[in-house]
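Residue-level structural notes
Next come the chains, spelled out residue by residue.
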Amino acid sequence: MQVLGLDVGGTGIKGTIVDVVTGELVTPRWRLHTPPGAEPTAVAATIAQIVQHFSWNGPIGCGFPAVIKGGVAHTAANIAPSWVGMDGATLLREATCSPVLLLNDADAAGIAEMRLGAGRGRSGLVIMITIGTGLGTALFMDGHLVPNTELGHIEIRGKEAEYRASEAVRLRKQISWAAWAKRFNEYLCRLSALLWPDLIILGGGASRSYEKFAAHLTVGVEVVPAMLRNEAGMIGAALAAADAFPQVL
Ligand code: BGC
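Residues numbered from 1 in each chain as written. Predicted model: local features only at pLDDT ≥ 70, side-chain atom pairs only at ≥ 80, totals over all residues. Heavy atoms only, no water.

1. Thoughts on the pattern of salt bridges
The test is simple: By definition, a salt bridge exists where a carboxyl oxygen of Asp or Glu is found within 4 Å of a side-chain nitrogen of Lys or Arg. Each helix is a run of H or I in the DSSP string that is no shorter than four residues. Each strand is a run of E no shorter than two, and both are numbered from the N terminus. A 1.4 Å probe rolled over the protein chains alone gives each residue an accessible area, and that area as a share of the maximum for its type sets the label: buried under 20%, exposed over 50%, partly exposed in between.
Taken as a whole and assessed by the stated rule, the structure comprises six salt bridges. For Glu167, the salt bridge goes to Arg170, with nearest N and O atoms at 3.2 Å. Note that Glu167 and Arg170 are positioned in helix 5 (residues 167–173) at a spacing of three residues, about one turn of the helix. For the pair shown, Glu167 and Arg170 are each scored as buried. Taken together, the shared-partner salt bridges connect Arg157, Arg164 and Glu186 into one network.

2. What to know about the packing of helix 1 (residues 40–53) against helix 2 (residues 88–96)
We count it as follows: Lines are fitted to the C-alpha atoms to define the axes, a helix being fitted only along its stretch in contact, and any angle between axes, read from their N-to-C directions, falls within 0 to 180 degrees. Roughly parallel refers to an angle under 35 degrees, roughly antiparallel to one over 145, roughly perpendicular to one between 65 and 115, and oblique to any angle outside these ranges. Left-handed describes a crossing whose near helix is turned anticlockwise from the far helix through less than a right angle; right-handed describes the clockwise counterpart. We call two residues contacting when some pair of their heavy atoms lies within 4.5 Å.
The N-to-C vectors of helix 1 and helix 2 enclose an angle of 45 degrees; their axes lie 9 Å apart at closest approach. On the basis of their axis angle, the class for helix 1 and helix 2 is oblique. Relative to helix 2, the crossing made by helix 1 is right-handed. In contact with Pro40, Ala44, Ile47, Ala48 and Val51 of helix 1, helix 2 contributes Leu91, Leu92, Ala95 and Thr96.

3. Remarks on a nonpolar patch on the surface
Stated formally: Patch rule: a residue counts if its relative accessible area is over 30% and it has no salt bridge; like charges are joined within 9 Å, and nonpolar side chains (Val, Leu, Ile, Met, Phe, Trp, Tyr) within 5 Å. Accessible surface area values rest on a Shrake-Rupley calculation with a 1.4 Å probe, where residue burial reflects the displayed protein chains alone.
A surface patch of nonpolar side chains, amounting to about 300 Å² of accessible area, comprises Met1, Val21 and Leu249. When you line up the elements, Met1 lands in the segment before strand 1 (2–8).

4. Digging into the site of the ligand
Spelled out, the test is: If a single non-hydrogen atom of a residue is within 4 Å of a molecule or strand, that residue counts as near it. The term polar contact refers here to a pair of N or O atoms within 3.5 Å; inside protein, the definition further demands a hydrogen-donor-capable atom paired with an acceptor-capable atom, and it admits residues adjacent in sequence only when both atoms are side-chain atoms. Residues are grouped as follows: Ala, Val, Leu, Ile, Met, Phe, Trp, Tyr, Cys and Pro are nonpolar; Asp, Glu, Lys and Arg are charged; all remaining types, including Gly, are polar. Throughout, the edges of the domains are those of an automatic or database domain assignment.
Taken together, Pro65, Ala66, Ala77, Asn78, Asn104, Asp105, Gly134, Leu135, Gly136, Glu150, His153 and Glu162 form the complete shell of residues around the ligand. Within the side chain of Asp105, an N or O atom sits 2.5 Å from an oxygen atom of the ligand. His153 places a polar side-chain atom, nitrogen or oxygen, 2.7 Å from an oxygen atom of the ligand. Across the shell around the ligand, the residue classes tally to four nonpolar, five polar and three charged. When residues are assigned to domains, the shell around the ligand turns out to be shared by domain 1 (2–107 + 231–248) and domain 2 (121–226), each giving three or more.

Shown next as structure tokens:
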């Protein structure tokens with residue numbers, strides 16, 4: 001049983017065919033640049049190219065950097081504002097001629113980590129944070145997802161957290177890992193004081209460099225890097241689509 005998993009990010013859109021029983025990648029991932037401005041029609045065209053690359057004709061799961069309800073995008077923090085109110089699932093279905101499940105990108109990554117990675121078998125409150133162009137969050141209570149939490153936007157020192165402590169900010173401002181970790185640690189402490197999680201899983205681009213900043217994290221909660229690293233988003237999107245379209249598998 002295979003599904004094409006896609007992950008739309010601020011800089012790249014990547015895809016791979018996923019075995020939805022084992023969560024393994026069936027093909028090497030294929031990545032194209034996110035079109036400048038990330039306008040809906042341009043993003044849909046890039047996704048169609050990825051689908052073509054894999055000669056894919058079957059269900060698609062797509063993680064997307066916005067609040068998604070019933071296939072419709074409701075926010076647009078790092079993408080074109082014209083996404084707000086748009087039925088992205090229908091747009092992508094028409095562009096790819098395949099059934100598409102659209103879901104928040106951090107939720108997708110969290111689903112993969114909870115089923116197959118660092119959150120497997122963990123109960124209580126687990127927060128997955130993806131560190132990339134923005135800060136994405138996924139909240140799980142006893143393994144159940146509370147979708148569309150947008151905790152990357154809580155305010156710290158008068159600024160949205162993702163404007164202080166995302167991977168994009170670290171790269172743009174060229175700050176050291178230690179300086180960035182201090183900011184990120186402050187974010188973790190604030191989140192923990194508000195939600196009291198039992199486990200925090202860190203994913204996204206920065207999870208590849210976990211060793212470079214782990215020592216600076218002092219939050220009194222267990223923190224672990226994502227096991228599926230930056231592939232969690234594609235894998236989780238595929239798993240979610242397999243659940244959503246059991247009849248076409
Ligand atoms: C968006 C979230 C998204 C996160 C990671 C934030 O700016 O508001 O919906 O999950 O970035 O891409």
